[in-house]
Amino acid sequence: MDKIDQNILGCLQQDADITNAALAEKVNLSPSSCLRRVQRLKKDGVIQKTVAIIDDKILGKNLKAIVEVDLDRHGAQAQAAFRDSIKKESAVVQAYSITGESDVLLVMHLADMEEYQQVCDKLFNHDPNVMRFRTSFAMEVLK
């Protein structure tokens, strides 16, 4: 991957909806060369997918929760069951297996505290593998 590929990726991270012609102009390539490079970056797995970033406030999801989860058992079967439950939960927008004091870090976008409580009941309170969870609420998005 060269400097041009890095420039293409930077532009696409800012605006994945940019036309190929506009992208080519920004990175000083012909449109056909630019398109070939983008296709190669996709084929090579550098660009994994193109997504839409949704304005949560318009959808009424004004509460952002960051939840650390401590699991009791760490075997493959126990972790798979927990992973399956968080993958099914639409409020969970990001999930990470982490090192440190906790085992899992979740980012949730929620309408309000009532929805937060419902999700906690579903994911944590009735799962015997969840020893404890700690939640912080985002006050402001900085980046």
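Quick look at the structure, then. Each chain has its residues counted from 1, following the order in which its sequence is written. pLDDT decides what is reported in this predicted model: residues at 70 or higher carry local features, side-chain atom pairs at 80 or more are listed and counted, and totals for whole chains, interfaces and linings draw on all residues regardless. With hydrogens and water set aside, each side-chain value is computed from the structure's full complement of heavy atoms.

### Re the layout of surface pockets
Picture a little ball the size of a water molecule; that probe, rolled over the atoms, points out where space is still empty. Stated formally: Whether a set of points on the 1 Å grid over the protein atoms alone is a cavity depends on a 1.4 Å probe fitting there but being unable to get out, while an open set qualifies as a pocket with protein on both sides within 12 Å along at least five of seven lines; lining residues are those with an atom within 4 Å of a point. Grid points are joined across faces, edges and corners, and a volume is the space filled by probe spheres set on the points. Strands here are runs of E lasting at least two residues and helices are runs of H or I lasting at least four, both read from the DSSP assignment and numbered beginning at the N terminus.
Estimates place the volume of the largest pocket at around 1,200 Å³. Residue lining of the largest pocket: 38 residues in total, with Gln13, Val51, Ala52, Ile53 and Ile54 positioned closest to the centre. Those elements that provide at least two residues to the lining of the largest pocket are α1 (3-14), α2 (20-26) and α3 (31-43). The leading source of residues in the lining of the largest pocket is α1, at four residues.

### Digging into the sheet that holds strand β4 (residues 130-137)
Defined as follows: When DSSP finds at least two bridges between two strands, those strands are taken to pair. In this analysis, axes come from line fits to C-alpha atoms, helices being fitted only over the stretch in contact, and the angle between any two N-to-C directions falls in the range 0 to 180 degrees. It only takes one pair of heavy atoms within 4.5 Å for two residues to be counted as in contact.
Taken in spatial order, the four strands line up as β2-β3-β1-β4 in an open sheet, and their pairing is antiparallel. In the strand order of this sheet, the two ends are held by β2 (92-97) and β4, each with one partner. Pairs of neighbouring strands in the sheet enclose a mean axial angle of 20 degrees, with direction left out of account. Here strand β1 (residues 63-71) runs beside β4; their pairing, made up of seven bridges, is antiparallel. Counterpart to Ile66 in the pairing with β4 is Ser136. Packed onto the sheet, helix α5 (residues 113-125) meets β1, β2, β3 (104-110) and β4 and runs at close to 155 degrees relative to β4.

### A look at helix α4 (residues 76-88)
Basically, it comes down to this: To estimate how far a helix should reach, multiply one less than its number of residues by 1.5 Å. Residue burial is assigned from relative accessible area. The probe radius is 1.4 Å, only protein chains are included, and a residue is buried under 20% of its type maximum, exposed over 50%, and partly exposed in between. Directions from the helix axis toward the C-beta atoms define the arc.
Helix length check: α4, at 13 residues, gives a terminal C-alpha distance of 18 Å against a target of 18 Å (1.5 Å per residue), a fit within 8%. By the burial criterion, the buried members of α4 are Ala78, Phe82 and Ile86. End-on, the buried residues of α4 take up no more than an arc of 65 degrees, which puts them together on one face. Of the residues in α4, the exposed ones pointing more than 90 degrees away from the buried face are Ala76, Gln77, Lys87 and Lys88. Those residues of α4 that are buried lie in contact with β1, β2, β3, α5 and β4.

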